[in-house]
Amino acid sequence: MEQYKYIVLLTVFLVVGCSNAQEPKQASITPVKNLEWQLGYSPIEQHSGSFINKADGEEYIYFSEPSTKKVLDILTLDGELKWHISLAALNSLNERVEGFQVLSPDSILVVSMYTNHLYCFNSKGEVWKHIDLNPLLEKLGGGKHEVFVPSYGGHFYKNDALLFLGTSSIELENEPSWEQIDIIRSTYNIANKSPQCFQFSNIFSDSIKVRSGLTAYTTKYLCGKDSMALGAFQYLLAKDKLIRYSEHSNQFHLVSNSTLEVVDTVFARSEHTSVGCTPLLVELKNFESGAIVETRQTQGCMVQMVHDHYRNLYYLSVKHDVRNRKDLENVRDGRGPWSLMIYNSDLELMNEILMPEQTYAPENLIVCKQGLLIGTNRREYKTYEHDKAKYELFEVVVPATSDN
Amino acid sequence: MIRPNMSFLKWWFPLLLIIEIGCHSPAAKENSAAEMEHVFSFLEENGYQPSSDKATRMVLVLTDVSCPTCNKSYALFLEKYVADPTIAIVVSASPAALDISAFNDEKATNVVVDHRNQFRNLTSLKGSGAILLKANRIDTIVELSAQRLDKDFQFIEEQLK
């Protein structure tokens, strides 16, 4: 009987041990109200966001349309238009816009597409600072580099430093089409081995410094040396964290600010879907752009991660794999169901919330003081309106005892 | 002397005839006509007014799909056809992705702005390009390619002379 004593004791320890394990407290979201702003255009997520204006301590939402109308509107969440800024100066610059971040009405950062330039606009629509990043990138060697901001919007500037993802040897002015697959293959072969992150510090001084990191990130963390990790350049520049993630992985990576290399990995596990699109082989003979489109539009993957600095939470949208759906045409390309994953400040999963299909855009999350704004105005939705910004405001409910 | 067995001809000729008729059946033309009907319904629902005395010769489609540089060049190329009543221009590109201000002009009476990007569901043309019409049917579809962009522009221009 002596041996049973030990078995019973061991069982008790195990049960007690398990029940004492610290489960992160659940957080949830509740829809509060629909918000619509009549702007005369429908902004895309890359050109939308929120910021706190240091001059008055208030939070504002901004929407921009820098391609056709070339305007920026800064509003309160209640819909009051505070600033309407013309960006007509972009015409004379002959630039298209890659990235947009508003620090204040007089510090509007615009990153050009393909040409590696940063422009700072003021509220009169004048460019008061221009930085050509190319000479700085050339110092790094290794051929041409091209910088990218977060694909679905988000900050690329923090503490007097710019942080971009990047790639090498793309033909900057002439992006190859999928029919030029040989160029694309060689581009990815080089890019896979190159630095994929660029940081420019002291940008408002005369001695801007540049350094690179995440060398060969794609092959090390996403898809191996013979694959192409196509698609979005996704990263989150949060308060004290730099997080790199991708459509091609079920992990997101914490990157050290000092070394610009990966220091930790977190798995994004969903109860509803597999996460991570299949990478494509670089040497695939019958490679077709259709395969890429099919992969990205139908497989489950991480879409957008944002940081809620008010509640110190992280939200990650994960679209679901819809390949088995009979009504595939209705749910492909981000129109299907998706999950909103909520993580605490230690990046522990607090909750996974199933979002309905064809209602909310998984790539259009904006954090504000009142909660989380999720876009509802996608071109593919039947309710799309081409002259408005439309969001639903969700209240974020965090348990009072949580450490968040 | 061996005489060839000609009995197979009894069924071979009718079979050939069926195959021949099958190949030239009007199904393809019917498909093209149905496609064209959808295209014209879409254009007219969105405000396109065809010329009363001249047939529509071509539908030019501008998207923001694939090569952005090509689409930018194509937008500039299309500007000279704004206000030509024998050409319909469909702008499916998002104004946030491509400067389409030239197509919002009052003179642009032959331009249809496809806000919800629905035109791509009507024909096999998914990116930017041209649909050449003949006798109100789709004759040729040209999808722009970065590799042969100049040739594509040249071809479209020649067809419009």
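Treat the numbers as computed from the prediction; the structure is a model and nothing was measured.

1. Overview of the overall build of chain A
If you tally the helices and strands in chain A, you get seven helices and 27 strands. Burial statistics for chain A: of 404 residues in total, 42% are counted as buried. Sequence separation of at least 24 residues holds for 55% of the intrachain contacts in chain A that already meet a minimum separation of 6.

2. What about the overall build of chain B?
The secondary structure content of chain B amounts to four helices and five strands. Start at the N end of chain B and walk to the C end: the helices and strands fall as α-α-β-α-β-β-β-β-α. Within chain B, the proportion of its 161 residues that are buried is 33%. Long-range contacts, defined as pairs at least 24 residues apart, comprise 63% of the intrachain contacts of chain B with a sequence gap of at least 6.

3. Things to note about the nonpolar core
If you look at the biggest cluster of nonpolar residues, it comprises 80 residues, and the most contacted ones within it are Phe-164, Met-302, Met-305, Tyr-315 and Leu-316 of chain A. In this view, Phe-164 of chain A contacts Val-147, Phe-148, Val-149, Phe-156 and Phe-198 of chain A; residues no more than four positions away in its chain are not counted.

4. So, the pairing of strand β4 (residues 71-75) of chain A
Residues and elements named next belong to chain A. Of the strand pairs in this sheet, strand β3 (residues 58-65) and β4 are connected by five bridges, and their pairing is antiparallel. Note on β4: the bridge partner recorded for Glu-65 is Val-71. Hairpin remark: β3 followed by β4, antiparallel, with five residues in the connecting loop; positive phi at Lys-70, about 55°. Relative to strand β5 (residues 81-86), β4 is paired through five bridges, and the arrangement is antiparallel. Paired with Leu-75 across the two strands is Leu-81, which belongs to β5. Connecting β4 to the next strand, β5, in antiparallel fashion are five residues, including Gly-79 with a positive phi near 100°.

5. Some remarks on the sheet that holds strand β9 (residues 127-132) of chain A
Residue and element names in this part refer to chain A. The strand order across the open sheet built from four strands is β6-β7-β8-β9, with neighbouring strands paired in antiparallel fashion. Because the sheet does not close on itself, it has two edges, and the strands there are β6 (97-104) and β9. Averaged over all neighbouring strand pairs, the angle between strand axes comes to 15°, with direction disregarded. Across four bridges, the pairing between strand β7 (residues 107-112) and strand β8 (residues 117-121) is antiparallel. If you follow Leu-109 over to β8, its bridge partner there is Cys-120.

6. Here we look at the sheet that holds strand β17 (residues 242-245) of chain A
All names here are of chain A. Spatially, β16-β17-β18-β19 is the arrangement adopted by the four strands of the open sheet, whose pairing is antiparallel. In this open sheet, the two strands that pair with only one neighbour each are β16 (234-237) and β19 (262-267). Each strand axis lies, on average, 25° off the axis of its neighbour in the sheet, ignoring direction. Pairing of β17 with strand β18 (residues 251-255) involves three bridges; the strand directions are antiparallel. Its bridge partner lying in β18, Leu-242 is registered against Val-255.

7. Description of unusual backbone geometry
Residues and elements named next belong to chain A. Even without being glycine, Asn-94 reaches a positive phi, approximately 55°. Residue position: Asn-94 is located in the loop between α2 (89-93) and β6. Residue classification places Asn-94 among the exposed residues on the basis of 8 C-beta atoms within 10 Å. Although it is not a glycine, Asn-116 sits at a positive phi angle of roughly 60°. On the secondary structure map, Asn-116 appears in the loop between β7 and β8.

8. Overview of the pairing of strand β2 (residues 48-53) of chain A
Residues and elements named next belong to chain A. Bridge analysis of β2 against β3 gives six bridges, and the strand direction is antiparallel. Looking across to β3, one finds that Phe-51 is bridged to Tyr-60. Connecting β2 to the antiparallel partner β3 that follows it, the hairpin turn spans four residues, and Gly-57 within it adopts a positive phi of roughly 70°.

9. Some words on the environment of Ser-258 of chain A
With respect to the helices and strands, the residue Ser-258 of chain A is situated in the loop between β18 and β19. Residue Ser-258 of chain A is classed as exposed on the basis of its 8 C-beta neighbours within 10 Å.

10. Re helix α3 (residues 68-78) of chain B
Looking only at α3 of chain B, the buried set comprises Thr-69, Cys-70, Asn-71, Tyr-74, Ala-75 and Leu-78 of chain B. Looking at the buried residues of α3 of chain B, the elements they touch are β1 (58-62), β2 (87-91) and α4 (149-159) of chain B.

11. Points about the confidence of the model for chain B
All names here are of chain B. Looking at chain B as a whole, its pLDDT mean stands at 81, while 80% of the residues score no less than 70. Low confidence marks residues 19-28, where pLDDT is under 50. Its contacts with residues over four positions away, or in another chain, come to zero contacts. Prediction confidence for the complex, expressed as pTM and ipTM, is 0.85 and 0.76 respectively.

What counts, and at which threshold
Along each chain, the written sequence defines residue order, and numbers are assigned to residues from 1. Chains carry letters and ligands carry numbers; both start at the beginning, A for chains and 1 for ligands, and go up in the order they are written. Where local features are concerned, this predicted model is filtered to residues with pLDDT of at least 70; where side-chain atom pairs are given and counted, the filter is 80 or more; whole-chain, interface and lining totals use all residues. Helix and strand definitions here come from DSSP, where helices need a minimum of 4 consecutive H or I residues and strands a minimum of 2 consecutive E residues; each element is numbered from the N-terminal end. Any residue surrounded by 20 or more other C-beta atoms within 10 Å of its C-beta is treated as buried, while 12 or fewer makes it exposed and the intermediate range makes it partly exposed; C-beta atoms here are placed from the backbone. By the criterion used throughout, residues are in contact when their C-beta atoms, derived from the backbone, lie within 7 Å. We define the nonpolar core as any set of buried residues of the types Ala, Val, Leu, Ile, Met, Phe, Trp, Tyr and Cys, connected via C-beta atoms lying within 7 Å of each other. Strands qualify as paired when DSSP identifies two bridges or more between them. With axes taken as lines fitted to C-alpha atoms, and helix axes fitted only over the stretch in contact, angles between N-to-C directions fall between 0 and 180 degrees. pLDDT is a per-residue confidence score from the predictor, ranging from 0 to 100.

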